[in-house]
Every structure is written in structure tokens, then in C-alpha cells.
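Read off the chains here:
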Amino acid sequence: MNDLPGNDDESEPNPFGDMTAGLNQIFQLFGGGGLGGPGSAPDWERARQAAAALASEGGSEANVDPLVRIQFEQLARVAELQVAQVTGLTLSRTGAGLTVSPVNRAQWAAATVDAYRPLFEKLAASLGRMMTSQLDEISSDELDEMSSMMPPGMSFDMSALMAGMSSFIGPMMLVTMAGSTVGQLGSRAFGSYDLPIPRPPSDELLVVATAIDDFGNDWSLPLDDLRLCICLAEMAHHAVLSQPHVRDRLNSLLAEHANGFEADSAALEERLGPIDLSDPESLGSLQNSLGNPEFMLSAIRSERQRQILPAIDTLVGCIEGYVDWVLDTIGAKLLTSYPMVSEALRRRRVETAQASRFVERLFGLELTQDKIDQGSAFIDGVFARAGAPALAALWSDVEHLPTPNELQAPGLWLARVGLESDQPLPELDDDPGIPDFPDLDA
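Residues numbered from 1 in each chain as written. Predicted model: local features only at pLDDT ≥ 70, side-chain atom pairs only at ≥ 80, totals over all residues. Heavy atoms only, no water.

Regarding the overall build of the chain
- The number of helices and strands found in the chain is 20 helices and two strands.
- Across the 442 residues that make up the chain, the buried fraction comes to 45%.
- Entry remark: accessible area of the chain is about 22,400 Å², with carbon and sulfur atoms responsible for 53%. (Helix = DSSP H or I, 4+ residues; strand = E, 2+ residues; numbered from the N terminus. Buried < 20%, exposed > 50% of the residue type's maximum accessible area, 1.4 Å probe, protein only. Areas by Shrake-Rupley, 256 points an atom, 1.4 Å probe, with all protein chains shown as cover.)

Structure, rendered in C-alpha cells:
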């Protein structure tokens, strides 16, 4: 163990060693307002760099081979024509046609930080507001007690530290969150719509050529067929999510979820149990709990968010089910290897890592196979009853988007939107058992 600077040989050694100096520097940073002082703006360039580094695992990536770019251009023309014919939707917002741009992982991550920026701002504001409110509840007596528990050699104004943290939390959290979450997504992303989150209006789609080819080689898939399937999936997502009313509805739901984080101090304290800052075992247990993403997410997700989730699940499940239907319709016709490619893509979706699942849930997305199967069953039910025209009508008006109850009963949705079904609504076999009204005079 190292002694504190300036101590003589008879001084008591500092049990925290060199860590004290580092902690002092961190606390001085908070006390001074952090990066650029109080109220400093988020450093988006730093977020882009962090996301790119995480996505590429810190290594350098070559630019996409020009021959690969040409191949994607050719496949994109085929995919755009096929998706437009099957969906009947307008894919290009400018009328100039879609462009598929092959990129590497780092380039995808940097672009996605910018695309998700409005959502990150909502998330950071919500989480920052939640954390600041917790800091504001700390009394002066508690601050004094916290100061007394600090390691030897650490001297600073705890009140100034807390004030500095309040102004520092928002920008720091925004940059950290954007870099880490997009970096995690970028390490396995295939395209712009790996998550079904609307992007700013554009006729350009990104595909991560290196990731697609690596996946194809791992699964021994024909690369041209896999590339075409990814182009089809990206364009089918784009066809739906670029519809202004669909984009606005989903953006509104995701923003409302992002803005709804709240900390329940009593519930969190109950989950964490008694904490003794002087006990290393207690501190270790606290660190494990706080380092568990699922634990933290469940502790800060509010009742308001839980009420929003069914609407998000319904819309996203419907979108994913529809995209799968488009791929099945086109792929079965064009590609002899489609069953093998589609099974590999399904397995990839099912086997998503826990870290990526946490990022999805942070955004309010529950992309489990069960949720997607529900959406697929709804799409299949609508198609079986009323054909492709009914599926086109699904995206024609915001009022035509299904409700959570209708997702379970396609016939109810068809009846509400005024579309004829080839099949009658199911009849109830049993008496529903509606109770008599109570006798109020009794």
C-alpha cells in the first residue's frame, strides 16, 4: 500500500492507496461543473466516436470494397421493385428512388447516433431528471455523514460536488448513453432498421456489408441471396416507417416511454436491502445490484411506461409481422435458398444477446419471438380473411392501426375499419355469463 504524499514514516498508511488521488480528481471535475463547466452542451462528436469504437471493438475497419457496392446497387433495384409491387406503398419520399449504401460497423454507429438523437435527448432528460431529484433529497446532515465516510486524504465540499453533479449529469449521461447503446447495437447490426425505430426522412438506407458477409460465411449461406434478403427487409421496414402517420405515431410512443422514467426510492431501497458503506461485502452486493441492467430497468420503469408498452408492442409487432410476410411472399418466389436464409435470420433474432435486449427495452421495445409471432398471426389472419388489399389499408391511415385487443382478433379489426371478410366473426359457443345488474333498492 502507498502512503499519502507528505506523510512521514510514522504516519498511518492510506488503505486506499493511489485510488485516492484519482477519486479526488473525479470529484473536483464534478465540483467544477464537468466538461466545459455548468450547463455545458453534450459532445455529440464524442458520442459518435465512442459508438464507432464499441461497434468495431476498437479495431480499424476497411472501407467497403467498390465491387460490393456495385452488387448492392444491383440488388437494391430488384428489391425496391419487388417491395413496391407487393406492398403497394410508396418507398421513396422524393420520387428519385432508394439508395442502399454499404458501410462498415463504425460508419453505421456514427450515423445512428445522429438518427437516434431526439430519442437520446428524451432518455437523458428523463433519467437525468430522475437522478437530480434523488440528489436534491439529500439533506445537509446526510452530506456531512457521507463526507465522514470518505477515505483518508479526500477533502472536498460535498455540497459543491452535488451541485456540480446536477449540472453535469444530463450532458454526461446523454453522451455516455448514446455511445454505449449504439455501440452495442452496431456490433451486430445489419442495416438501418435493425431496430424498428423511425429515422429522419431520407431515401438512403444503410447496410453493414461486413456484418452481413460474416454472418453469411458463418452460416454457409449464398451471399447474394442473403444480401437480397437484407435489402428486402430494409425496404419493407422503410416502406412502412416512412409513412408520415406511422412514423409520427411510433415516434410519439417511443418518446413518451423515454420521457417516463421515475425512481421509486422506497421500492429501490426495498430491493437493495440494508447498505453499510463501511462493510466491503455490503458495498460489493450494492455494486452487483446496480450493475445488473435488468434490476435497474425494473427499478426505474414507471407505471406510466407500463401503460404505454402494450401500444408499442402492438404497433411494433404488427410492423415486424408485416415485414416477415413481405419477405416470405417475395423470397419464396425469387430464391431457392430462402428457407435456409430465413431460418438463419430467425435464429439470429431469437438468440439476441442480453446486452442488446437491454438496449431494446431501454427504448421501450420488446422484440421477443412471442411478440413478433403475435404480429405475424395478425397479419396472416387479415390476409387469409381479406387478402392483400386489406394489408395495404392497414398502413393507409393512423386510425387503421390495430389496437392491442384487435391484434388478437383480426376479424374485429376488419369490422372496425369497414373491410369485408371472407370469414364470419367467430360465434361464442358458451354463455358469456353476463351478470344481472344489482338491485340498487335492496
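Some words on the packing of helix α17 (residues 369–386) against helix α20 (residues 410–417)
- For the pair α17 and α20, the least separation of the axes is 9 Å and the interaxial angle reads 60°. Here α17 is positioned oblique relative to α20, judged by the angle of their axes. Crossing hand, α17 versus α20: right-handed. Of the residues in α20, those touching α17 at Ala377, Phe378, Gly381, Val382, Arg385 and Ala386 are Pro410, Gly411, Trp413 and Leu414.
- Of the residues belonging to the contact of α17 with α20, the class tally is seven nonpolar, two polar and one charged. (Axes fitted to C-alpha atoms, helices over the stretch in contact; angles between N-to-C directions. Parallel < 35°, antiparallel > 145°, perpendicular 65-115°, else oblique. Left-handed = near helix turned anticlockwise from the far one by under 90°. Contact = heavy atoms within 4.5 Å. Nonpolar A, V, L, I, M, F, W, Y, C, P; charged D, E, K, R; others polar.)

What about α20?
- For α20, every residue scored as buried is listed here: Pro410, Gly411, Trp413, Leu414 and Val417. Angularly, the buried residues of α20 cover 160° about the axis, an arc narrow enough to put them on a single face.
- Looking one or two places after α20, you find Gly418, whose phi comes out positive at around 80°. (Arc of directions from axis to C-beta.)

Some remarks on the environment of Glu61
- Of note, Glu61 is situated in the loop between α2 (44–55) and α3 (66–87).
- On the accessibility criterion, Glu61 (26% relative accessible area) is partly exposed.
- Between the alpha carbons of Glu61 and Thr210 there is a distance of 9.2 Å; along the sequence they are 149 residues apart.
- Leaving out residues up to four positions away in the same chain, Glu61 has contacts with Ser56, Asn104, Arg105, Ala106 and Thr210.
- Only 3.3 Å separates the side chain of Glu61 from the backbone nitrogen of Arg105, close enough to count as a polar contact.
- A distance of 2.8 Å separates a polar atom in the side chain of Glu61 from the backbone nitrogen of Ala106. (Polar contact = N/O pair within 3.5 Å; in protein donor to acceptor, adjacent residues only side chain to side chain.)

Some thoughts on the side chain of Arg199
- Mapped onto the elements, Arg199 comes out in the loop between α7 (158–186) and β2 (204–208).
- One buried charged side chain, Arg199, makes no salt bridge at all; its nearest oppositely charged neighbour is Glu234, positioned 6.8 Å away.
- Polar side-chain contacts of Arg199 include one of 3.0 Å to the backbone oxygen of Ser192.
- Excluding anything up to four places from it in sequence, Arg199 contacts Trp108, Ala111, Thr112, Ala115, Tyr116, Ser192, Tyr193 and Arg247. (Lys, Arg positive; Asp, Glu negative; His and termini not counted. Salt bridge = Lys/Arg side-chain N within 4 Å of Asp/Glu carboxyl O.)

What about the packing of α3 against helix α9 (residues 223–241)?
- Packing of α3 against α9 brings their axes to within 9 Å, and their N-to-C directions diverge by 50°. Overall, the two elements α3 and α9 adopt an arrangement that is oblique. Handedness of the crossing formed by α3 with α9: right-handed. On α9, the residues that touch Val68, Gln71, Phe72, Leu75, Ala76, Val78, Ala79, Glu80, Gln82 and Val83 of α3 are Asp224, Arg227, Leu228, Cys231, Leu232, Met235, Ala236 and Ala239.

Some thoughts on the packing of aromatic side chains
- Within the structure shown, the criterion is met by nine aromatic pairs.
- With 6.3 Å between their ring centres and 50° between their planes, Tyr116 and Phe120 make a pair best called tilted. Of the two residues, Tyr116 and Phe120, both sit in the buried class.
- It is Arg348 that lies over the ring of Phe190; its NZ or CZ is 3.7 Å from the centre. (Phe/Tyr/Trp six-rings, centres within 6.5 Å; stacked < 30°, edge-to-face > 60°. Lys NZ or Arg CZ within 6 Å of the ring centre and 35° of its normal.)

Section: α2
- Between its terminal C-alpha atoms α2 stretches 16 Å, which fits the 16 Å expected from twelve residues at 1.5 Å a residue.
- When α2 is considered as a whole, its buried residues turn out to be Trp44, Ala47, Arg48, Ala51, Ala52 and Ala55. Considered in projection along α2, the buried side chains sweep an arc of 130° and stay on one side of the axis.
- Downstream of α2 by one or two residues, Glu57 has phi in the positive range, about 55°. (Expected span 1.5 Å × (residues − 1).)

Side note on the confidence of the model for the chain
- In the predicted model, the chain carries a mean pLDDT of 78, and the fraction of residues at 70 or more is 67%.
- Low pLDDT, under 50, characterises residues 1–39; the predicted model gives this stretch 50 contacts beyond four residues in sequence or across chains.
- Contacts from residues 425–442, a stretch scored under 50 in pLDDT, to residues over four places away or in other chains number two contacts. (pLDDT = per-residue confidence, 0-100.)

Focus: unusual backbone geometry
- Of note, Ser220 is a non-glycine position whose phi angle comes to about 55°, a positive value.
- Mapped onto the elements of the fold, Ser220 is located in the loop between α8 (209–218) and α9.

Things to note about the pattern of salt bridges
- In the structure shown here, the tally under the stated rule is 17 salt bridges.
- When the shortest N-O distance is used, the salt bridge between Arg105 and Asp214 registers 3.3 Å. One end of the pair, Arg105, is in helix α4 (residues 105–115); the other, Asp214, is in helix α8, and 109 residues separate them in sequence.
- Taking the relative accessible area as the measure of exposure, Arg105 reaches 17% and is therefore buried.

As for the environment of Arg347
- By the secondary structure assignment, Arg347 is in helix α15 (residues 338–350).
- With relative accessibility at 33%, the residue Arg347 sits in the partly exposed group.
- Distance in space between the C-alpha atoms of Arg347 and Gln369 is 9.8 Å, their sequence separation being 22 residues.
- Separated by 2.9 Å, the side chains of Arg347 and Glu351 make a polar contact.

Some points on the side chain of Arg348
- Locating Arg348 in the fold gives a position in helix α15.
- A relative accessible area of 16% places Arg348 in the buried class.
- A distance of 2.5 Å separates a polar side-chain atom of Arg348 from the backbone oxygen of Arg188.
- Contacts of Arg348, omitting those with residues within four sequence positions, involve Arg188, Ala189, Phe190, Asp194 and Phe215.

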